[in-house]
Amino acid sequence: MNNVKTPPRRVVRVVLTGGIAAGKSRMLEELRETLKEKRIPAAYVKECATELLTKGYTPERWGNVAFQHTIFRHQLQNENRAFRRMLPAARETGLPVLLICDRGLCDGGAYLPPDTFGTICRSFEYSRKRLLNRYQGVLFLDSMATRTDLPFDVKSGNDLRLENGREEALLSNERSFAAWSDHPNLVRIPAAERFEDKVGQTADALLRMIAPYYSR
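These remarks concern the structure in this document.

What counts and what doesn't
Per-chain numbering applies: the sequence of each chain, read as written, is numbered from 1 onward. Local features in this predicted model are restricted to residues of pLDDT 70 or higher, and side-chain atom pairs are both shown and tallied only at a pLDDT of 80 or more, whereas totals for entire chains, interfaces and linings draw on every residue. In computing side-chain properties, one takes all heavy atoms of the structure into account and sets aside hydrogens as well as water. Segments assigned H or I by DSSP are reported as helices when at least four residues long, segments assigned E as strands when at least two residues long, and all are numbered from the N terminus. Burial classification: accessible surface area is computed with a 1.4 Å probe over protein chains only, and a residue below 20% of its type maximum counts as buried, one above 50% as exposed, and the rest as partly exposed. A contact between two residues is defined here by any heavy atoms of the two lying within 4.5 Å. In short, Shrake-Rupley with a 1.4 Å probe defines the accessible areas, and a residue's cover is counted only from the protein chains shown. Definition used in this section: a nonpolar core is a set of buried Ala, Val, Leu, Ile, Met, Phe, Trp, Tyr and Cys residues joined via side-chain atoms within 4.5 Å. Each reported salt bridge corresponds to a side-chain nitrogen of Lys or Arg within 4 Å of a carboxyl oxygen of Asp or Glu. When DSSP finds at least two bridges between two strands, those strands are taken to pair. Here the axes come from fitting lines to C-alpha atoms, over the contacting stretch only for helices, and the angles between their N-to-C directions go from 0 to 180 degrees.

Let us now look at the overall build of the protein. Looking only at helices and strands, one finds 8 helices and 5 strands in the protein. Counting every position in the protein, which comprises 216 residues, the buried fraction comes to 50%. Across the protein, contacts joining residues at least 24 apart in sequence account for 78% of those joining residues at least 6 apart. With an accessible surface of roughly 11300 Å², the protein has 51% of that area assigned to carbon and sulfur atoms.

This next bit is on the nonpolar core. Within the largest apolar cluster, 29 residues are counted, with the highest numbers of intra-cluster contacts made by Phe72, Val97, Leu99, Leu131 and Trp180. When contributions to this core are tallied by element, the ones reaching two or more residues are strand 1 (11-18), strand 2 (43-45), helix 4 (64-93), strand 3 (97-102), helix 5 (114-123), helix 6 (128-133) and helix 7 (165-180). In terms of residue count, the dominant contributor to this core is helix 4 (7 residues). Formed by 26 residues, the second largest nonpolar core is a distinct cluster that contains Val14, Met27, Leu98 and Leu139.

Summarising the element assignment, Ile20 is placed in the loop between strand 1 and helix 1 (24-37). According to the relative accessible area criterion, Ile20 is buried, its value standing at 7%. Taking C-alpha positions, Ile20 is 5.2 Å from Ser143, a pair spaced 123 residues apart along the chain.

Counted according to the given criterion, the structure contains 12 salt bridges. Note that Asp182 is salt-bridged to Arg128, the shortest N-O span being 2.7 Å. Here the residue Asp182 occupies a position in the loop between helix 7 and strand 5 (186-189), and Arg128 occupies one in helix 6, the gap between them amounting to 54 residues. Across the pair Asp142 and Arg188 runs a salt bridge, and its minimum N-O distance is 3.0 Å. Of this pair, Asp142 sits in the loop between strand 4 (137-141) and helix 7 while Arg188 sits in strand 5, placing them 46 residues apart in sequence. Judged by its relative accessible area of 9%, Asp142 is buried. Within this structure, Lys24, Glu47, Asp102, Arg103 and Asp107 form a network of salt bridges that share partners.

The 5 strands are arranged 2-3-1-4-5 in an open sheet whose pairing can be described as parallel. Edge positions in the open sheet fall to strand 2 and strand 5, since each of these has one partner strand only. Taken over all neighbouring pairs, the strand axes of this sheet differ in orientation by 20° on average, direction set aside. Here strand 4 runs beside strand 5; their pairing, made up of 4 bridges, is parallel. Along strand 5, the bridge assignment pairs Val138 with Leu186. Each of strand 1, strand 2 and strand 3 touches helix 4; the most contacted strand, strand 3, lies at about 155° to it. Running at roughly 175° to strand 4, helix 8 (residues 195-214) makes contact with strand 1, strand 3, strand 4 and strand 5 of the sheet.

Shape is all these values report; function is a separate question.
In structure tokens:
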């Protein structure tokens, strides 16, 4: 870790997000091991959309606006619960709580018109600036669909995905990136033929992001 000093924080939130079939779930496990090796305790916030889809709640059933509103509410609640759970240990060490979020609040902006998503944010008293400032870093994993030289399976082990084919996955990838594009600490990780290469880039980016808060 470097010696850059930043104002103390009670919580450091980093979002792991990306396109379809980007290897996000597998990457989350790799990052968990990286932080364990570095002896940096962290809490992990699950992806809300997958949880809701697994329970049978879909945009077709609820309507897309209501579905995204529910995801936003659940995401906010889950992040806050994880923070409270980790807070006693953080007080003992004097270090901030580190939350690794499997997607974040801005991701809903990929599925709604800007005005509609803005209305949802304001219903939770979040401006765009406040929404971005909530997270100290964003790791965006590009979909394997961006590698047109390689085979691509849009489901890739997840039958709950709503997209079909490479073209829809590419559009989803760009919409998801655009949802975070104005975050000041956004790192885009390109798709790679060897997943190990992608892991190395992502882990290095994560450690650089949190270094100012965990320098000792």
